[in-house]
Number of protein chains: 2
Amino acid sequence: MKFVDLLDRTIKKNNSLLCVGLDVDVERIPKDIPAGKNIIFDFTRRIIDQTNELVCAYKPNSAFYERYGLVGIEALLKTIEYAHKFDIPVILDAKRGDIGHSSEAYAQAAFQYLKADAITVSPYMGADSIEPFTRHEDKGVFILCLTSNPGSADLQTGLPHPLYLTVAEKVKQWNVRGNCGVVVGATKPDQLKEVHDIVGDLPILIPGVGAQGGDLALSVKYGGKRAIINASRSIIYAADPKAEAEKLRTEINQCR
Amino acid sequence: MKFVDLLDRTIKKNNSLLCVGLDVDVERIPKDIPAGKNIIFDFTRRIIDQTNELVCAYKPNSAFYERYGLVGIEALLKTIEYAHKFDIPVILDAKRGDIGHSSEAYAQAAFQYLKADAITVSPYMGADSIEPFTRHEDKGVFILCLTSNPGSADLQTGLPHPLYLTVAEKVKQWNVRGNCGVVVGATKPDQLKEVHDIVGDLPILIPGVGAQGGDLALSVKYGGKRAIINASRSIIYAADPKAEAEKLRTEINQCR
């Protein structure tokens, strides 16, 4: 099944545009989960058990698994496999991008080894760094457009014709197989509207509504029918992740 | 020891600006290395045994290890450890970059878990995506500036004030701890000169002289005293990697 169809099906089934980011920090895992080599997966499994009827996707950030080395990668593999038991698509947040044959190796790592359904990639190296990902037609490829952090002002917005608009226009060209999406931070709703006007109803991954304080209502309004609203730490480290996810899903649906 | 001092020491000791890229493709590993779970490290160990007196650095590309999953990551770990037995610095070619706490997790993966001496990063997300790497003062951080691939025309060079020049100027600002470098492809020697004029004698990692057909003489001439000339496939898959590395080192030295 193509990523976008899997996404649409899950949006409908769970009546949700909420994506839960699985950014694991062992220091913050609840104390009742026993320490040891399975702690990461024990934690993500619990989050998935609690939230799988409330989300349209999960987004593990590769960085937080890589930092634990082999143990982390094994936990990532199991986490993705476990999300699939509930038919929830998994977006690997990896922000990869390299020359052709290296990007192809990253695509193999993400799609064939880890079995992610989609990946985030950086546009800096251009078309031939993206194509090895989009070549995998059933997989989704979210291209960084305008990010939620302060440093986005350094290259993305600081030009007469802002770079994020150039990227949005490029994504339209690069979307020859219909499997591209973009990443736009919730901290910049006006620019999100501009990007949506360019890319239309491609999936837009929108991080930054939780701990980063982005604008939820405008993100949902301007993000269109495939606005994937991501929250990570504000849900997974909440005292009651299920209640927190349910609350955010409701808030999102009130803005749709 | 700071990365740049380790680099300078190795350049001097081995009289070499050659960096060998360790981009492992199991399909291309010589047939006399036995198949099995150790094949990747058995191959990189042989390359390191053959070339450690001829190089200033090794550059494993993370993509080519990640695609083999746990087995690949374990081989990468062993490869870096083995290079260190010969006191050769290792630049992890990973092209990472994310918001602050995610970049910090990538930095921990690269510097603390894998024990790389330097990393390549993407500038797309700006200052606060780079700082978590440069915060590790003894480690080197090579920021993508102008890459060697055709797609570099999409964002890096296609603007009135080309983006790679903006990046080069940013790198000067970001270099508060003196541990930044840049990546500029050997396929663009005139632009390499421009970048060198901006960043001065920061280390410049220059891929693209081998299989990609970049200009060796001009790369050495314009790259300055820390022009790190990388060749990967043209050396590691040569019939005689040692002879090939020796030949390239000599060619580089004739241009210095």
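Scroll up to find the structure this text is about.
Numbering of residues starts from 1 in every chain and runs along the sequence as written. Starting at A for chains and at 1 for ligands, labels are handed out in the order in which the entities are written. Thresholds applied to this predicted model are a pLDDT of at least 70 for local features of residues and 80 or more for the giving and counting of side-chain atom pairs; totals over whole chains, interfaces and linings are not thresholded and use all residues.

(A) Layout of the overall build of chain A. A count of helices and strands for chain A gives 12 helices and 8 strands. In this setup the radius of gyration rests on C-alpha atoms only. A globule is expected at 2.2 Å times the number of residues raised to 0.38. Taking 18 Å as the expected radius of gyration for a compact globule of 256 residues, we find that chain A reaches 17 Å, a close match to that expectation. Principal-axis analysis of the C-alpha atoms gives chain A an extent of 50 × 45 × 35 Å. Put simply, a residue is buried when 20 or more other C-beta atoms lie within 10 Å of its own C-beta and exposed when 12 or fewer do; between those, it is partly exposed, and each C-beta is set from the backbone. Burial statistics for chain A: of 256 residues in total, 59% are counted as buried. Considering only contacts within chain A whose residues lie at least 6 apart along the sequence, 68% involve residues at least 24 apart. Helix and strand definitions follow DSSP, with helices as H or I runs of at least four residues and strands as E runs of at least two, each counted in order from the N terminus. Contacts here follow a simple rule: the backbone-placed C-beta atoms of the two residues must lie within 7 Å.

(B) Representation of unusual backbone geometry within the structure. Residues and elements named next belong to chain A. Even without being glycine, Asp-87 reaches a positive phi, approximately 60°. Tracing the backbone through its elements, the reader meets Asp-87 in the loop between α4 (69-85) and β3 (91-96). For Lys-95, which is not a glycine, the phi torsion comes out positive at approximately 50°. When the 29 C-beta atoms within 10 Å are taken as the criterion, Lys-95 is described as buried.

(C) Local environment of the packing of helix α10 (residues 216-223) of chain A against helix α12 (residues 241-255) of chain A. Residue and element names in this part refer to chain A. All axes are obtained by fitting lines to C-alpha atoms, using only the stretch in contact for helices, and the reported angles, taken between N-to-C directions, cover 0 to 180 degrees. Between α10 and α12, the least distance of the axes is 9 Å, while the angle of their chain directions is 55°. Comparing the axis directions of α10 and α12 gives the class oblique. The handedness of the crossing between α10 and α12 comes out as right-handed. Across the interface between the two elements, Leu-216, Ala-217, Val-220 and Lys-221 of α10 pack against Glu-251, Ile-252 and Cys-255 of α12. Its residues assigned to classes, the contact of α10 with α12 comprises 5 nonpolar, no polar and 2 charged. Roughly parallel covers angles under 35 degrees, roughly antiparallel covers those over 145, roughly perpendicular covers 65 to 115, and oblique covers all other angles. Should the near helix be turned counterclockwise from the far one by less than a right angle, the crossing is left-handed, whereas a clockwise turn marks it as right-handed. All amino acids are sorted into three groups, where Ala, Val, Leu, Ile, Met, Phe, Trp, Tyr, Cys and Pro are nonpolar, Asp, Glu, Lys and Arg are charged, and the leftover types, Gly among them, are polar.

(D) Focus on helix α2 (residues 39-51) of chain B. Residue and element names in this part refer to chain B. Spanning 13 residues, α2 covers 19 Å between terminal C-alpha atoms, matching the ideal 18 Å at 1.5 Å per step. Residues of α2 that are buried include every one of Ile-40, Phe-41, Phe-43, Thr-44, Ile-47, Ile-48 and Thr-51, and no others. Viewed along the axis of α2, the buried residues span an arc of 160°, placing them on a single side of the element. Residues of α2 that are buried make contact with β1 (18-22), β2 (57-60), α4 (69-85), α11 (233-236) and α12 (241-255). Working rule for helices: expected span equals 1.5 Å times residues minus one. Comment: arc refers to directions from the helix axis out to C-beta atoms.

(E) Layout of the relation of the copies chain A and chain B. For the pair chain A and chain B, the relating rotation is 180°, the translation along its axis is 0.0 Å, and the fit reaches an RMSD of 0.0 Å. Here the transformation between the copies is reduced to the relation of a two-fold axis. Copy-to-copy alignment: least squares on C-alpha atoms, limited to residues at pLDDT 70 or above in both.

(F) Molecular detail of the environment of Gly200(A). Looking at where Gly200(A) falls in the secondary structure, it is placed in the loop between α9 (189-199) and β7 (204-206). Each C-alpha atom of the pair Gly200(A) and Gly181(A) lies 10.0 Å from the other, and the pair is 19 residues apart in sequence.

Treat this as a map of the structure, not an account of what it does.
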